[in-house]
Amino acid sequence: MSNREFFGTDGIRGRTNAGAMTPEIAMKVGQAAGQHFLRGKHKHRVVIGKDTRLSGYMVENALVAGFTSVGMDVVQFGPIPTPAVALLTRSMRADLGVMISASHNPYEDNGIKLFGPDGFKLSDEDELAIEALIKGQTDLAQATDIGRARRVEDGRGRYIHAVKGSLPEHIRFDGLHIVVDCANGAAYNVTPSAIWELGARVTSIGVSPNGKNINHKVGSTSLDTLQETVVASGADIGIALDGDADRLIIVDEKGAIVDGDQIMALIATQMSKVGLLTGGGIVATVMSNLGLERYLQSQGLELYRSKVGDRYVLEMMRDKGINAGGEQSGHMIMLDHATTGDGTIAAMQVLAALVEAGKPASELLHMFDPVPQLLKNVRFDGGKPLDDEHVKKVIADAQETLADNGRLVIRPSGTEPVIRVMAEGDDEALVHKVVDDICEAVAAVGA
């Protein structure tokens, strides 16, 4: 992974008109990805969706120029969630799918996510091959073979149909009052529509994108507005998506935040009850709470832990034949219905459970008591603090102290000179002491 210049853990991302997110690079990405997926003699097709960022127009046009120049036809959907692009790549038999989004980042950033013909994010091998083509030379099509581009208006309708189809036919949301926060992002049109069509009374916030307000004081990373709206309007539940709608956080009727761990506990329980959960458990990351693991064990289910990042969760799910997984941050992957994280489909499962249980959200969504957990970041100036003998000893002592009553996760950030130190355990004071001791040792070495 070290020789990557453009692709990170989730496609290409950065500040627009700087680094890897310029129109020149976007056009090269289109040419390189287009050439890499030109296979056989059929007319090739790429589908492109985007969120609501101002720079989306610029990046989209540059990509279209790149793809058409190597002979690919382009279908443009306009603003649509990331999981919708994954779905439509498969259902429209495209050779490639592209989502233009920087997810939960501010509007000044943008990104390019690529999906293969199967609707899954690209493998490391595909990304490295595309990187080599970006840096090298691509073959332009003959004048007679240049691709065409067209806009398609029914992408959102197709996605709404698929989202509603993820529920059993008898499920309706009549009588529920639901607040939907779309982060002024890609789902501003589709998610409120899908929920309303199933009978709910919907109050929408974060559905007035202007190019610059995506994720600004709304959405899954900024929940104050949703909490206030749910409580003030007496709603039954609030759902928050991020800018590209691949993650979900819930707010119950009392305004309390329900994170991905509690959502996964509910979904796993519901699926297991009706015999739909495969692989004997779910996949989450090393950051998921120990309380979730203990709860699942009490239900006879396993929690398998992957590295941080939804692509690693998905990799492990496919490897172990598991159909549900996600991250504490709200990425929920329901493999029976989607090939990538899908906040709207996950919300549908939660709302269906609410209907079936007939209980308030605060009761239904409190599946377990989280174990006290603390995460701190330590900046360092250079070198590898985690290789230092004193730091190693402090970490070993901490692990011994927590023993079977807690867990320690220490990892360097992939994007900045920061060590992330996370501990959790039954004794909150001990958790704080352990984290502080490790942070102190790392800081002393890395200064």
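Scoring rules and cut-offs
- Residues numbered from 1 in each chain as written.
- Predicted model: local features only at pLDDT ≥ 70, side-chain atom pairs only at ≥ 80, totals over all residues.
- Heavy atoms only, no water.
- Helix = DSSP H or I, 4+ residues; strand = E, 2+ residues; numbered from the N terminus.
- Rg over C-alpha atoms; globule rule 2.2 N^0.38 Å.
- Buried < 20%, exposed > 50% of the residue type's maximum accessible area, 1.4 Å probe, protein only.
- Contact = heavy atoms within 4.5 Å.
- Areas by Shrake-Rupley, 256 points an atom, 1.4 Å probe, with all protein chains shown as cover.
- Lys, Arg positive; Asp, Glu negative; His and termini not counted.
- Charge placed at Lys NZ, Arg CZ, Asp CG, Glu CD.
- Polar contact = N/O pair within 3.5 Å; in protein donor to acceptor, adjacent residues only side chain to side chain.
- Pairing = 2+ DSSP bridges.
- Axes fitted to C-alpha atoms, helices over the stretch in contact; angles between N-to-C directions.
- Right-handed = clockwise from strand over helix to strand, strands pointing away.

Asks: Please provide a residue-by-residue account of the overall build of the protein, values included.
Replies: In terms of helices and strands, the protein carries 14 helices and 18 strands. Whereas a compact globule of 447 residues would reach a radius of gyration of roughly 22 Å, the protein reaches 22 Å, a difference of no more than 12%. Based on the C-alpha atoms only, the size of the protein along its principal axes is roughly 70 × 60 × 40 Å. Counting across all 447 residues of the protein, residues that qualify as buried make up 57%. Long-range contacts, defined here as pairs at least 24 residues apart, represent 70% of the contacts in the protein between residues at least 6 apart. Here the protein displays about 18700 Å² of accessible surface, and carbon together with sulfur accounts for 49% of that area. Across the protein, the centroid of the 44 positively charged side chains sits 6 Å from that of the 59 negatively charged ones.

Asks: So what's going on with the side chain of His44? Which residues, and what values?
Replies: Mapped onto the elements, His44 comes out in the loop between α1 (23-36) and β2 (45-50). Assessed through its relative accessible area of 4%, His44 is described here as buried. A polar contact is formed between the side chain of His44 and the backbone oxygen of His42, at a distance of 2.9 Å. With residues up to four places along the chain from it excluded, the contact list for His44 reads Phe37, Leu38, Arg39, Met72, Asp73 and Asp95.

Asks: Got a sec to walk through the sheet that holds strand β18 (residues 418-425)? Specific residues and values, please.
Replies: Here three strands make up an open sheet; going across it, the order is β16-β18-β17 and the pairing antiparallel. The outermost strands of the open sheet, each flanked by one partner alone, are β16 (373-379) and β17 (406-412). Sheet twist, expressed as the average angle between the axes of neighbouring strands with direction ignored, equals 10 degrees. Two strands pair when backbone bridges link them, and β16 and β18 are joined in this way by seven bridges, in the antiparallel orientation. If you follow Gln373 over to β18, its bridge partner there is Glu424.

Asks: With reference to specific residues and values, describe the pairing of strand β13 (residues 302-306).
Replies: As paired elements, strand β12 (residues 281-285) and β13 share five bridges and run parallel to each other. Opposite Ile282, over in β13, you have Leu303 as the bridge partner. Note that the unit made of β12, helix α9 (residues 290-298) and β13 has a crossover that is right-handed.

By themselves, these figures tell us nothing about what the structure is for.
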